[in-house]
Amino acid sequence: DWSSDVCSSDLFRLVKDKIVVQARVNGSAPMDFILDTGSEETVLSRETAQRQGVKPITYTLSAGVGEVGLRGLQLARLDRLEIGTLEIDNLPVLIKNPALRGIPKREGESFSPLSLGMSMVIDYQNQLLTIVKSLPDTTADFTLPMRVQRLALVRGVVSSRPAYFVVDTGGQVISISGEMAEQLQMPTGMRRIPVKVWGTSGWDRDAFLLYGQDLNFDRIEYRNFPLVVLNLRAPSVLLGFQLGGIVGHKFLSGYRVAMDLSRSELRLQKF
């Protein structure tokens, strides 16, 4: 039951654990955009920007998972972005130019309602995304304080060590930083299983899987759980503090997820 605050409510589809919606850029035909709360701006590929006449204004720095780390991108202004019934004019966007090389597929488009100052609800069961100015105060099985410092963050505890985790709808697994992994008391000789991970800044060639860890977010508990260890130094530098890790699809997809900016809450309701 949504009030007149509703800006957009649309079905999405899941593609390789990523939420994909249809959007229009400067009146274009509908195209795929990934819902990515791990990004602080709307992002266009170089090809889409050129095709839709989005001209760069200057360069800026971004950071993400991958060996490139801090990455130069173009900053531009989009005349109009339409997602369902939501229309945003004069929107700052990042253009992925220069593009990364040697990655498995072409870099695509993404957006985050949080970067627009909007709250949202992701209903994974019914595959429905609702973007709103103000969320009603709904009940939830779990309510986590959500801090927003360029990105949305929640506090977790890894084997008794507290840390902040990015809530990243564009991510797939639950991961921790290499710095956090070094603090853990791991048995001598524990195997580090290499994994292939690529992010917005290319391949993370040092990524590995770490088994047997305890992790909790308030009353949400994981015991003897495998975590992916990533190089998060560049995002930490850009944010100004050491990130503990990232929570993505594996953490979120079992719930109806409300990311409420006005109340600074992440609310999770089981199916």
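Once a new chain begins, its residue numbering starts again from 1 and follows that chain's sequence as written. Thresholds applied to this predicted model are a pLDDT of at least 70 for local features of residues and 80 or more for the giving and counting of side-chain atom pairs; totals over whole chains, interfaces and linings are not thresholded and use all residues. With hydrogens and water excluded, all non-hydrogen atoms of the structure serve as input to the side-chain values.

### Here's the deal with the pairing of strand β15 (residues 161–167)
Then comes step 1: Being paired, for any two strands, means DSSP has found at least two bridges between them. Secondary structure follows DSSP: runs of H or I at least 4 residues long count as helices, runs of E at least 2 residues long count as strands, and numbering of each begins at the N terminus. By the bridge criterion, six bridges tie strand β14 (residues 151–158) to β15 in an arrangement that is antiparallel. Residue pairing across strands places Leu 153 opposite Val 166, the latter belonging to β15.
Then comes step 2: Hairpin connection of β14 to β15: two residues between the antiparallel strands, including Ser 159 at a positive phi of 45 degrees.
Then comes step 3: Relative to strand β22 (residues 245–247), β15 runs parallel, the two sharing three bridges. When the sheet's bridge partners are listed, Val 167 is paired in β22 with Val 247.

### Topic: the layout of surface pockets
Then comes step 1: Two kinds of site are reported from a 1 Å grid over the protein atoms alone, namely cavities, where a 1.4 Å probe fits but cannot get out, and pockets, open sets with protein on both sides within 12 Å along at least five of seven lines, and residues are called lining when an atom falls within 4 Å of a point. Grid points are joined across faces, edges and corners, and a volume is the space filled by probe spheres set on the points. The volume enclosed by the largest pocket comes to roughly 1500 Å³.
Then comes step 2: Forming the walls of the largest pocket are 50 residues, and the residues nearest its centre are Lys 18, Asp 36, Gly 170, Gly 199 and Thr 200.
Then comes step 3: Residue polarity follows a fixed list, in which Ala, Val, Leu, Ile, Met, Phe, Trp, Tyr, Cys and Pro are nonpolar, Asp, Glu, Lys and Arg are charged, and the others, Gly among them, are polar. Taken together, the residues of the lining of the largest pocket break down into 22 nonpolar, 13 polar and 15 charged.
Then comes step 4: Approximately 200 Å³ is the volume attributed to the second largest pocket.
Then comes step 5: Together, 13 residues line the second largest pocket, and Gly 178, Asp 206, Phe 208, Val 229 and Leu 230 are the ones closest to its centre.
Then comes step 6: Only α2 (178–183) and β21 (220–230) provide two or more residues apiece to the lining of the second largest pocket.
Then comes step 7: In terms of residues, the lining of the second largest pocket owes the most to one element, α2, which gives four residues.
Then comes step 8: The residue makeup of the lining of the second largest pocket, split by class, is five nonpolar, two polar and six charged.

### What about unusual backbone geometry?
Then comes step 1: For the peptide bond that leads from Asn 97 to Pro 98, omega is 5 degrees, which places it in the cis range.
Then comes step 2: Assignment of secondary structure puts Pro 98 in the loop between β8 (86–96) and β9 (109–111).
Then comes step 3: Its identity is not glycine, yet Asp 17 carries a phi of approximately 70 degrees, on the positive side.
Then comes step 4: Take Asp 17: it is sitting in the loop between β2 (13–15) and β3 (18–25).

### Description of the nonpolar core
Then comes step 1: Counting residues in hydrophobic clusters, the biggest one holds 60 residues, and the most contacted among them are Ile 176, Phe 217, Phe 251 and Leu 266.
Then comes step 2: Judged by nonpolar contacts, the second largest core, of 14 residues, contains Leu 151, Val 197, Phe 241 and Ile 246. For our purposes a nonpolar core is just a set of buried Ala, Val, Leu, Ile, Met, Phe, Trp, Tyr and Cys residues, chained together by side-chain atoms within 4.5 Å. Each residue gets one of three labels from its accessible area relative to the maximum for its type: buried under 20%, exposed over 50%, partly exposed in between, using a 1.4 Å probe on protein chains only.

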